[in-house]
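Structure assessment
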Amino acid sequence: MHWSEEIAQKIIDRNPDKQEYVCAAGISPSGSIHIGNFRDIATSWFVAKALIKKGKKATLLFSWDEFDRLRKIPKNVAEQVQGWEKYLGMPYSSVPDPYGCCESYAKHFENEFEQSLKYFGIPVSFRYQTGMYLSGCYSELIIQALKKRREIFDILDSFRTQDAQEGERENYYPVSIFCPECGKDDASVVSLSEDCTKAEYKCKCGHSGTFDFTKDFNCKLAWKIDWPMRWKYEGVDFEPGGKDHASPNGSYQTSRIIAKEVFDYEAPLFQGYEFIGIKGTTGKMSGSSGLNLTPATLLKIYQPEVILWLYSKTIPTKAFDFCFDDEILRQYFEFDKMLNSARADPPDETARDIMYNATVPGREVVTVPMSHLASFGPIMDFKPELLETFFEKIGFNYKLEDFAERLELAKYWVEQCSPESINRLLEENNWEYWDSMSENSRREIEILAEELRKDDRSLDDLNTMIYSIPERAAGPMEPKVKKQAQGQFFKNVYTLLLGKDKGPRLYLFLHAIDKEKYLPLMEFTEDKRQAYEAAKAAAAAAENAEPPAAEAEAMEIPPVKPEITIEDFQKLDLRVCRIVAAEPIKKSRSLLKLTLDDGMGGREIVSSIKDCYDCEKLVGRDIIVLVNLKPAKLGKVMSQGMLLAAAGEGHSCSLLMPDTDRPAGTIIT
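Small disclaimer: the values here were computed from a predicted structure and weren't measured.

To continue, consider helix α14 (residues 349–356). Each turn of an α-helix holds 3.6 residues, which means side chains three or four residues apart point in the same direction. Looking at α14, one finds that the buried residues are Ala351, Asp353, Ile354 and Met355. Looking at where α14 begins, the residue whose side-chain oxygen comes 3.1 Å from the main-chain nitrogen of Thr350 is Asp348.

Written as structure tokens, this is what we have:
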């Protein structure tokens, strides 16, 4: 039985006659919603599905805690706008949108998350707490909490390690009033009427007044009272929460007592969950990096079904990782294997139960191997028609519609997250490596090329032939020696064809790729040797030659700019950054978008060097970047810095690069 069904059965056993069960989740829109928070809604949704599977009615209720106060300014928001500290203490729904595209701070991040939810096919009944509070829905329960404020204090105090101070209990009020003058929750209750319907208050801004809880609703209960109050109002049966809430002194343990003693409500069944890990990113994930870990970001490399599968197959008390390294290929492989097991006749029951939660209505996943798309896609420039031919050659009848979505995800992953794994054929023979090889190793390559020129073989025959070559070149070997020789042979082939010592499965690669594209890279003839030596000599001569007259001409030196102080210079934050991806910006004649490893999570910059540098040759190079330049939008891309280059009228641009290898993020002083 799946873990969600076990929880569902416990819910039914607690209240077997309830007509419709409520599974709840909630998040405060303090910034972009992290994928770790998504476990809240996924856990609740799976339990709701399990209840429905058992023949019950169930609703997934999601609360936006947008009436919470703005407590701090997230890093990405602080980099976007200045002076937002003035809104601290206001509800998120009353703070302007720092990006200027939505009606409020809360709405910006709510819309961002809600848009990504659509891809998962999760039906959600949203509750926006600003509207709930200001409509007066909670007024009676707020007054009830005020009447039992001393009991609430005693419950909260029982979880504290320090003794209460004298008078603290009498002056405790479980509600915050948002001041009508400054809009913040800095108003303190001075006195409360005997029937607990009216309060006198005074705000730090100097404003004071009377608050009538029967008709004034711009107030909010403290979190540990607000939570059980909403359980009561909505009739919640189940709600998960992070392991911090589940601890012995956590919010749930406190709130469940308040629910019973103050609101006469049995707290819903609670499930604590572990947090989510991240593998394969450079630096710390943050809202200011190009890979802010939101559901929308993950959907650039994961299909929604695979994300749901990771949550479904892992019990809530266990952690798991989202992977930006090559572990993601293993996850796709395991997903495909389990999906095929669930679809088998008869199906694997465990796989079927897990996949029940990983389906998205209206979609059907075709298990085209993600590893093939990531390995062979770059070699074929991600052209669908070539990949269709490739799959046909290796015995699969996959068409574009079967792998179009995964192809885009694979392309994004290899280019943005794992550029070092990109496989592309070299443009010319690797003479430097050939010259370093032994005579026997060269003989192995000659045998391979000779065999490949013959008629096509089946995949199995090709694989057998490849593994036989070391012994054909050197004679019989002991098994251990033979295995080592085969490994070195494979490395030699990869290095001569791809420029690195590993790549996709060699027999698939040699079978699927047009021979005319790679056979010349195995041919090291005397004619090619002479051409190589001539080109090498010409390049050396050009490097040592005097510059052409036009280049040698002294350019007009501009005057020195006004002097600055050392303090002015120290404001510039110059750092070594490594280019991990480069691509032209559409409809721009001169702009390139560079994705950088800055040692701090990554950034993107835009520079007008399109005419001076080839994108592929920029990848992997270190440059100097001014990282604390105020971001600006260039070519529809937000540029987060400026690279340093030498340039002048009539002269080409030359990037400034460190002459020694330095870690990304190294400060230039």
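That shown, we press on.
Let us look at the nonpolar core. Among the nonpolar cores identified, the biggest contains 112 residues, and Phe38, Tyr302 and Leu510 are the most heavily contacted of them. Per-element accounting of this core gives the leading share, nine residues, to helix α2 (residues 38–53). Other than its neighbours up to four places away in sequence, Tyr302 contacts Ile307, Leu310, Phe322, Cys323, Ile328, Gln331, Tyr332 and Leu409. Of all hydrophobic cores here, the second largest spans 34 residues; its members include Leu141, Tyr172, Phe213 and Ile225.

Across all of its chains, the model carries 42 aromatic pairs by this definition. Ring geometry for Phe320 against Phe322: centres 5.4 Å apart, planes inclined by 70°, an arrangement best described as edge-to-face. Residue classification places Phe322 among the buried positions, given a relative accessible area of 0%. Seen in terms of ring centroids, Phe390 and Phe391 are 5.1 Å apart; in terms of plane orientation they differ by 55°. Their pairing is tilted. Each member of the pair, Phe390 as well as Phe391, is classed as buried. An aromatic cluster of at least three residues, connected via ring pairs, comprises Phe38, Phe62, Trp64, Phe113, Phe120, Phe126, Tyr128, Tyr302, Tyr311, Phe320, Phe322 and Tyr332. Here the basic side chain of Lys53 rests over the ring of Tyr356, its NZ or CZ set 4.6 Å away from the ring centre.

Take the state of the cysteines next. All chains considered together, the criterion is met by zero disulfides. Here Cys203 is not disulfide-linked; the sulfur of Cys205 is the nearest cysteine sulfur, at 3.6 Å. Overall, the relative accessible area of 4% leaves Cys203 in the buried class. For Cys417, which is in no disulfide, the shortest distance to another cysteine sulfur is to Cys323 and amounts to 11 Å.

Rules behind the numbers
Residues numbered from 1 in each chain as written. Predicted model: local features only at pLDDT ≥ 70, side-chain atom pairs only at ≥ 80, totals over all residues. Heavy atoms only, no water. Buried < 20%, exposed > 50% of the residue type's maximum accessible area, 1.4 Å probe, protein only. Helix = DSSP H or I, 4+ residues; strand = E, 2+ residues; numbered from the N terminus. Polar contact = N/O pair within 3.5 Å; in protein donor to acceptor, adjacent residues only side chain to side chain. Core = buried A, V, L, I, M, F, W, Y, C linked by side-chain atoms within 4.5 Å. Contact = heavy atoms within 4.5 Å. Phe/Tyr/Trp six-rings, centres within 6.5 Å; stacked < 30°, edge-to-face > 60°. Lys NZ or Arg CZ within 6 Å of the ring centre and 35° of its normal. Disulfide = S-S within 2.5 Å.

As far as function goes, none of this settles anything; it's purely spatial.
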